[in-house]
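Coordinate inspection notes
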Amino acid sequence: MTMTFAASARRIAEAKSLAPGGVNSNFRLGISPTPLVVERGEGPYLFDADGNRLIDYYLGMGPMILGHNPRPVIDAIKAQLESGILFAAQTEIEYEAATLVKRLVPCAERVRFSCSGSEAVQAAIRLARAATGRPTIVKFEGHYHGWLDNVVWSVAPQASEMGERDAPAHVPGSNGQDPNAGATLDIVVWNDLDRLATRLRRGDVAGVIMEPIMCNTSVIAPKPGYLDGVRKLCSETGTVLIFDEVITGFRVAAGGAQALLGVTPDLAVYGKAIANGMPVSAVAGRADIMDLMVTGKVMHGGTYNAHPLCMAATAATLNSLLDGSIYARIEARGRRLMEGFERILRDRQIAGRVQGLPGIFHVSLGRREPIGDYRDQLATDKAAYVRLTTALLTNGVRALERGAWFLSDAHDDATVDATLAAFDRAVVAARP
Ligand SMILES: Cc1ncc(COP(=O)(O)O)c(C=O)c1O
């Protein structure tokens, strides 16, 4: 049965008089055939305004590691709600959540909670500058660290504007962005130790921020030895190493990419899967740096930081991840999906690439070779991939048009089977 989305399209059109574009995040615009209006979620499914039941691989853009509506998280939020909503004081539940983060995350000697990944990134950058007394932050082409003026540079630059590999241009991510906000930011290509070494040895860099696995571009793994090399370079040059684990955290392993890959940063930023969909983020890291929030006049605030309902969700989510069994299940089902997609592409003689990890992987069309950096993925056929996700949607599978696939513990073998069948039908419809 082919699904249609007329009710979503109608509501979005009507809602344009309420919110620009009828949506509340620009990442929800420009979706083919229409941004969706959703009524409810359950396990691996979303139920939309047209009455469709869709297998969901957006998972709220990554957070729903336990699936939609997992009982332990719902019950914990409800129980906390009975005790009140917000106190501007400390609660035992926030200490429980912090204890769990410390237990799971190698670098986490201290933790501070806030509400969005974008905010926690700002705290980490401020700490790095305060700890070193230096101005500059190095970020990498194709990495995303939130929507704010000082970091939304060269996230998805066009080939024509991105400059040379040795000196990538500063490409702003938004009109209206403060042009001076990039003045203390340097852009470097990722996965290239020599280029980074040259930059860090100038001695003016406060912090290096990176996605330790480049999830926002094609889910690219660091080259063997790269993260170790960066760690060493940062230690030698007195530079604060910040891992942005907003996607990888609690998703690729209970301790995030740093635990999976065995490289410990000075600071790390978390969000998304930390609370299975409630708005929680965290900055965590070395005690001497984190304590600058108290001893070093580093300002960190937020009315809603460590919100009790969110902390209840955090503790319930992290408790569900503790024994690690969820990762074995996600690994098995994610592998089946990745291998299944590869087989279908091969059988149908369609050039494509599946890469990444079972809990977060990436599919692209038009190129078979590995995608090793931001510049490689410019050669993929994005229009064909949008045709594929559009065809998938009409076959009951909701996957991101940017190519990423997020898995949850609720995606069981039956869901995987249904997804593979839908992919086989959709890829034919979308043949480049
Ligand atoms: C790696 C990374 N860092 C930071 C952010 C920003 O987080 P938020 O959208 O919660 O502000 C995102 C969001 O997708 C992200 O993927």
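Preceding this paragraph is the structure being described.
For clarity, every value in this text was computed on a predicted model and none was experimentally measured.

With that settled, consider the sheet that holds strand 10 (residues 240-244). One open sheet accounts for seven strands, arranged 4-12-11-10-9-5-8; its pairing is mixed. Strand pairing shows two members of the sheet lacking a second neighbour, strand 4 (110-114) and strand 8 (185-188), which therefore form its edges. Between one strand axis and the next, the sheet turns by 20° as a mean value, whatever way the strands run. Sheet topology places strand 5 (residues 136-140) next to strand 8; four bridges connect them, and they run parallel. Counted as the bridge partner of V138 is D186 from strand 8. Here helix 5 (residues 193-200) sits on the sheet in contact with strand 5, strand 8 and strand 9 (205-210), set at roughly 170° to strand 5.

Assignment of secondary structure puts S8 in helix 1 (residues 6-15). Take S8: its relative accessible area is 0%, and that puts it in the buried class.

In this section: the packing of aromatic side chains. A complete count under the given rule lists nine aromatic pairs for this structure. Three or more aromatic residues link up through ring pairs in this structure, and these residues are Y57, F341, F361, W405 and F423. Here the basic side chain of R53 rests over the ring of Y45, its NZ or CZ set 3.9 Å away from the ring centre. Geometry around Y58 places R398 over its ring, the cationic atom sitting 3.7 Å from the centre.

Of note, K16 is situated in the loop between helix 1 and strand 1 (38-42). Other than its neighbours up to four places away in sequence, K16 contacts G21 and G22.

Turning next to the pattern of salt bridges. All told, the structure shown has 23 salt bridges when counted by the stated rule. The salt bridge involving R195 is made with D192; its shortest N-O contact spans 2.2 Å. For R195, a relative accessible area of 25% corresponds to the partly exposed category. Residue classification places D192 among the buried positions, given a relative accessible area of 16%. The partner of R286 in a salt bridge is D288, and the shortest N-O contact between them spans 2.7 Å. Judged by relative accessible area, R286 falls into the partly exposed class, the value being 33%. Salt bridges sharing common partners tie together R231, D266, R286 and D288.

The subject of this paragraph is the packing of helix 13 (residues 382-394) against helix 14 (residues 413-429). At a minimum axis separation of 8 Å, helix 13 and helix 14 run at an interaxial angle of 135°. Compared by their axis directions, helix 13 and helix 14 come out oblique. The way helix 13 lies across helix 14 gives a crossing that is right-handed. Seen from helix 13, the contacting residues are L388, A391 and L392; seen from helix 14, they are A422, F423, A426, V427 and A429. Its residues assigned to classes, the contact of helix 13 with helix 14 comprises eight nonpolar, no polar and no charged.

Thresholds, definitions, all that
Residues numbered from 1 in each chain as written. Predicted model: local features only at pLDDT ≥ 70, side-chain atom pairs only at ≥ 80, totals over all residues. Heavy atoms only, no water. Pairing = 2+ DSSP bridges. Helix = DSSP H or I, 4+ residues; strand = E, 2+ residues; numbered from the N terminus. Axes fitted to C-alpha atoms, helices over the stretch in contact; angles between N-to-C directions. Contact = heavy atoms within 4.5 Å. Buried < 20%, exposed > 50% of the residue type's maximum accessible area, 1.4 Å probe, protein only. Phe/Tyr/Trp six-rings, centres within 6.5 Å; stacked < 30°, edge-to-face > 60°. Lys NZ or Arg CZ within 6 Å of the ring centre and 35° of its normal. Salt bridge = Lys/Arg side-chain N within 4 Å of Asp/Glu carboxyl O. Parallel < 35°, antiparallel > 145°, perpendicular 65-115°, else oblique. Left-handed = near helix turned anticlockwise from the far one by under 90°. Nonpolar A, V, L, I, M, F, W, Y, C, P; charged D, E, K, R; others polar.

By themselves, these figures tell us nothing about what the structure is for.
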